[in-house]
Amino acid sequence: ARRNGVDWGGMMEQVCVYALRQFQAQEEFGLIGSGPTEQNLKFCLAPIIPEGVTTLLFGYGGSLKTHLAMVWGLSVQLGHPMLGLTPAEGPVLLLDWETNQALANQILQAIHAGMGMPAKPHFFYRRCRRPFTEFVEDAKALVEREGVKLVIMDSFTKAAGGEKETKENALPTLTALEWLRTTNLVITHRPKPREGGEEGGAYGSVYLTNDVRQAFRVESRHEPDEGAAQVALFHTKHNLMAPLPPFGYRIVWDKLLGTIIERQDVASMEGLRERLYAVAQIQHALDSL
């Protein structure tokens, strides 16, 4: 009413109708069973991160999940195979509730230097303080504008809005993440063992574990007085493929060279090999004779 000749009421009604239609829009009905098929599963980072779905990385605090996500993301962003992994090159977005831009930049550059990788690392980045559902439109706009291939969410509990492990937090966050139509790597914590020694799964509601297509449990052990750590990964969920055998890394923090990450056989990791199946432990013992 304060701007002569402008029908603000009519325009706002049109905006609301358009927003409602977009919100209610669904995929068209189609047919399956007779269409073309893909002979092989496509990967964003073969053989651990399938393309177009969400992969979960969970473990106790301090198990170096963020370092793993960073080096995997670097491989994708630079299109540089490493550590036995083959990437499909594309931009990477890091949504960070855990650290800050300066620290994330330091970790990324240290890994890039330590791994002797080509070109320069450049993740798209946001330091997040609100639940993901409150700014998913911003993320969607960046994804479409820059052609983002991999989204790293660190970590899911804070992205969902807090510590409450309920579907009211988890499901809207997972739905918003799916709306991006990207490949996603979600990091979350693992609760401490329950009374009696029973160990829990990923923190962030059972809906998180049920919704993702791939999940890896991370176990780690810091080497005393050596500035190094050993990390083992166990393929706990594998809806799209056969389970991968446990695999591991050794991470070394060198003040001059940066952060060096190398593949290491889990069977050789003291304190972690006990997590392997008995057959693998027996095989390692026989090989050591």
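Heads up: these notes are all about the structure in this document.

Cut-offs used in this document
Residues numbered from 1 in each chain as written. Predicted model: local features only at pLDDT ≥ 70, side-chain atom pairs only at ≥ 80, totals over all residues. Heavy atoms only, no water. Salt bridge = Lys/Arg side-chain N within 4 Å of Asp/Glu carboxyl O. Helix = DSSP H or I, 4+ residues; strand = E, 2+ residues; numbered from the N terminus. Buried < 20%, exposed > 50% of the residue type's maximum accessible area, 1.4 Å probe, protein only. Expected span 1.5 Å × (residues − 1). Polar contact = N/O pair within 3.5 Å; in protein donor to acceptor, adjacent residues only side chain to side chain. Pairing = 2+ DSSP bridges. Axes fitted to C-alpha atoms, helices over the stretch in contact; angles between N-to-C directions. Contact = heavy atoms within 4.5 Å. Phe/Tyr/Trp six-rings, centres within 6.5 Å; stacked < 30°, edge-to-face > 60°. Lys NZ or Arg CZ within 6 Å of the ring centre and 35° of its normal.

## A look at the pattern of salt bridges
- Evaluated as defined, the whole model comprises 9 salt bridges.
- In this structure, the salt-bridge partner of Lys 158 is Glu 98, at a minimum N-O distance of 3.9 Å. Of the two residues, Lys 158 is situated in helix α5 (residues 156-159) and Glu 98 in the loop between β5 (92-96) and α3 (101-114); the sequence distance between them amounts to 60 residues.
- For Lys 158, a relative accessible area of 39% translates into the label partly exposed.
- The partner of Arg 190 in a salt bridge is Glu 219, with the nearest N and O atoms 3.0 Å apart. Residue Arg 190 is located in the loop between β8 (183-189) and α7 (206-211), and its partner Glu 219 is located in strand β9 (residues 214-223); the two are separated by 29 residues in the primary sequence.
- Within this structure, Arg 190, Arg 217 and Glu 219 form a network of salt bridges that share partners.

## Quick notes on α3
- For α3, spanning 14 residues, the distance from its first C-alpha to its last is 20 Å, which sits close to the expected 20 Å at 1.5 Å a residue.
- The residue sitting at the N-terminus of α3 and contributing the capping side-chain oxygen is Asn 100; that oxygen lies 3.2 Å from the backbone nitrogen of Ala 102.
- Note on α3: the residue one or two positions beyond its end, Gly 116, has a positive phi of about 60°.

## As for the sheet that holds β5
- Here 9 strands make up an open sheet; going across it, the order is β6-β5-β7-β8-β3-β9-β10-β11-β12 and the pairing mixed. In this open sheet, the two edge strands, each paired with only one partner strand, are β6 (124-127) and β12 (258-264). Looking at each pair of strands side by side, their axes are set apart by 20° on average, direction ignored.
- Bridge count between β5 and strand β7 (residues 150-154): 5 bridges; the pairing is parallel. The residue bridging Val 92 from the neighbouring strand is Leu 150, located in β7.
- Running at roughly 170° to β8, helix α2 (residues 65-78) makes contact with β3 (54-59), β5, β7, β8, β9, β10 (228-238), β11 (247-254) and β12 of the sheet.

## A few points about the sheet that holds strand β4 (residues 86-87)
- Reading across from one edge, β2-β1-β4 is the order of the 3 strands in this open sheet, with antiparallel pairing throughout. Each end of this open sheet is capped by a strand with a single partner; those strands are β2 (49-50) and β4.
- Strand direction decides the pairing type here: strand β1 (residues 43-46) and β4, joined by 2 bridges, are antiparallel. Along β4, the bridge assignment pairs Ala 46 with Thr 86.
- In the packing of α2 onto the sheet, the strands contacted are β1, β2 and β4, and the crossing angle to β1 comes to about 120°.

## Section: the packing of aromatic side chains
- Inspection of every chain in the model, using the stated rule, returns 4 aromatic pairs.
- Summarising the aromatic geometry, the rings of Trp 97 and Phe 135 are spaced 6.0 Å apart at their centres and angled 35° between planes, so their arrangement reads as tilted. You can see Trp 97 sitting in the loop between β5 and α3 and its partner Phe 135 sitting in the loop between β6 and α4 (136-146), a full 38 residues away along the chain. There is no split in this pair, since Trp 97 and Phe 135 are both buried.
- Seen from their ring centres, Phe 247 and Tyr 249 are 5.9 Å apart, and the 90° between their planes marks the pair as edge-to-face.
- Its relative accessible area of 0% is what places Tyr 249 among the buried residues.
- Joined through ring pairs, the aromatic side chains of Trp 97, Phe 132 and Phe 135 make up one cluster.
- Directly above the aromatic system of Trp 179 lies the positively charged group of Lys 140, at a separation of 5.3 Å from the ring centroid.

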